[in-house]
Amino acid sequence: MIRNLAIQVVIFVGIFNLVSWFKTTSMLSTDTQMAEESLVLNTIMDTPIELLSNDKKTVIYFFAPWCQICHLSIENLEEFYLENQDVNVVAVALDYMDVDQVRGFTQEHQLTFPVALGTEKIKHKFSIGAYPSYYVFDENNRVISKSVGYSTEAGMYLRTL
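Analysis parameters
Residues numbered from 1 in each chain as written. Predicted model: local features only at pLDDT ≥ 70, side-chain atom pairs only at ≥ 80, totals over all residues. Heavy atoms only, no water. Helix = DSSP H or I, 4+ residues; strand = E, 2+ residues; numbered from the N terminus. Buried < 20%, exposed > 50% of the residue type's maximum accessible area, 1.4 Å probe, protein only. Contact = heavy atoms within 4.5 Å. Areas by Shrake-Rupley, 256 points an atom, 1.4 Å probe, with all protein chains shown as cover. Pairing = 2+ DSSP bridges. Axes fitted to C-alpha atoms, helices over the stretch in contact; angles between N-to-C directions. Patch = residues over 30% accessible without salt bridge, like charges linked within 9 Å, V, L, I, M, F, W, Y side chains within 5 Å. Salt bridge = Lys/Arg side-chain N within 4 Å of Asp/Glu carboxyl O. Lys, Arg positive; Asp, Glu negative; His and termini not counted. Charge placed at Lys NZ, Arg CZ, Asp CG, Glu CD. Right-handed = clockwise from strand over helix to strand, strands pointing away.

Asks: Would you take a moment to explain the overall build of the protein for this structure?
Replies: Broken down by element type, the protein carries five helices and seven strands. Written out in order from the N terminus, the α and β elements of the protein read α-β-β-β-α-β-α-β-α-β-β-α. The burial tally for the protein puts 47% of its 161 residues in the buried class. A fraction of 72% describes how many contacts in the protein between residues 6 or more apart in sequence connect residues 24 or more apart. Accessible surface, the protein as shown: approximately 8,900 Å² in total, 58% of it carbon and sulfur.

The structure is reproduced here in structure tokens:
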């Protein structure tokens, strides 16, 4: 019984990782250099924010307020943000109905990092096809890591090293 359960867990984890890897193949490749122009969005507070930073690493986390995996993993991003002040963190909402839906998501999870309102143009520019998706950029705005799906705080930390 335990052996069968262990085999099923291993198969599930293997399939999950394979699907996640497959979804990342359509994302921007690592070493992609992003220019800062046109990477300014408004936040939910209606203030402009630059998505990238030239002086420190940046995590850009793309989510949809209706995405259940986003609800599960966003608090890991919040903890990562609070414990890693040397990394710029920005969440970008996509596929939302209205700003109030995004504000509700932000308030529910008590997020303290900036939350920007994404557009279809940004969604295509970053090749986002699933949620949550995120990129890690180095100090020169070059993609150094990417991921789709649930990530732990430790996973985010390891991808920013």
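Asks: I would appreciate a short explanation of the pairing of strand β6 (residues 133-137) in the present structure.
Replies: Successive residues of a regular strand alternate their side chains across the two faces of the sheet. Judged by how many residues are buried, β6 sits mostly within the fold: five of five residues are covered. Pairing between strand β3 (residues 57-63) and β6: five bridges, direction antiparallel. Bridge pairing in β6 links I60 to Y135. In terms of strand pairing, β6 meets strand β7 (residues 143-148) through five bridges, oriented antiparallel. Residue pairing in the sheet places Y134 in a bridge with S147 of β7. The antiparallel hairpin formed by β6 and β7 contains five residues in its connecting segment, where N141 sits at a positive phi of about 60°.

Asks: Explain the environment of V92 here, please?
Replies: By the element assignment, V92 lies in strand β4 (residues 87-93). Residue V92 is classed as buried on the basis of its relative accessible area, which comes to 0%. Taking the C-alpha atoms as reference, V92 lies 6.3 Å from F63; in sequence the two are 29 residues apart. Not counting residues within four places of it along the chain, the set of residues in contact with V92 comprises L41, L51, I60, Y61, F62, F63, A116 and G118.

Asks: Looking at this structure, I do not really get the sheet that holds β6. What am I missing?
Replies: Note on sheets: strands pair through backbone hydrogen bonds, and any given pair is parallel or antiparallel. Taken in spatial order, the five strands make up an open sheet running β5-β4-β3-β6-β7, and their pairing is mixed. Two strands close off the open sheet at either side, each with one partner strand: β5 (115-117) and β7. The average angle at which neighbouring strand axes cross in this sheet is 20°, direction not considered. Sheet topology places β4 next to β5; three bridges connect them, and they run parallel. What sits directly across from A93, in β5, is L117. Contacting β3 and β4, helix α2 (residues 68-83) crosses the sheet at an angle of about 160° to β3. Most of the contacts of helix α3 (residues 99-108) go to β5, to which it runs at about 165°, and overall it touches β3, β4 and β5.

Asks: Explanation requested: a negative patch on the surface in the structure shown.
Replies: On the surface, a cluster of negative charge is contributed by E75, E79, E83 and E108. For E75, the location among the structural elements is in helix α2. Using a relative accessible area of 41% as the deciding quantity, one classes E75 as partly exposed.

Asks: What exactly am I supposed to notice about the pairing of β4 here?
Replies: Among the seven residues of β4, seven are classified as buried, and the element is accordingly described as predominantly covered. Burial along β4 is two-sided: the face carrying V87, V89, A91 and A93 and the face carrying N88, V90 and V92 are both buried. One crossover worth recording links β3 to the parallel β4 by way of α2, and it is right-handed. One crossover worth recording links β4 to the parallel β5 by way of α3, and it is right-handed.

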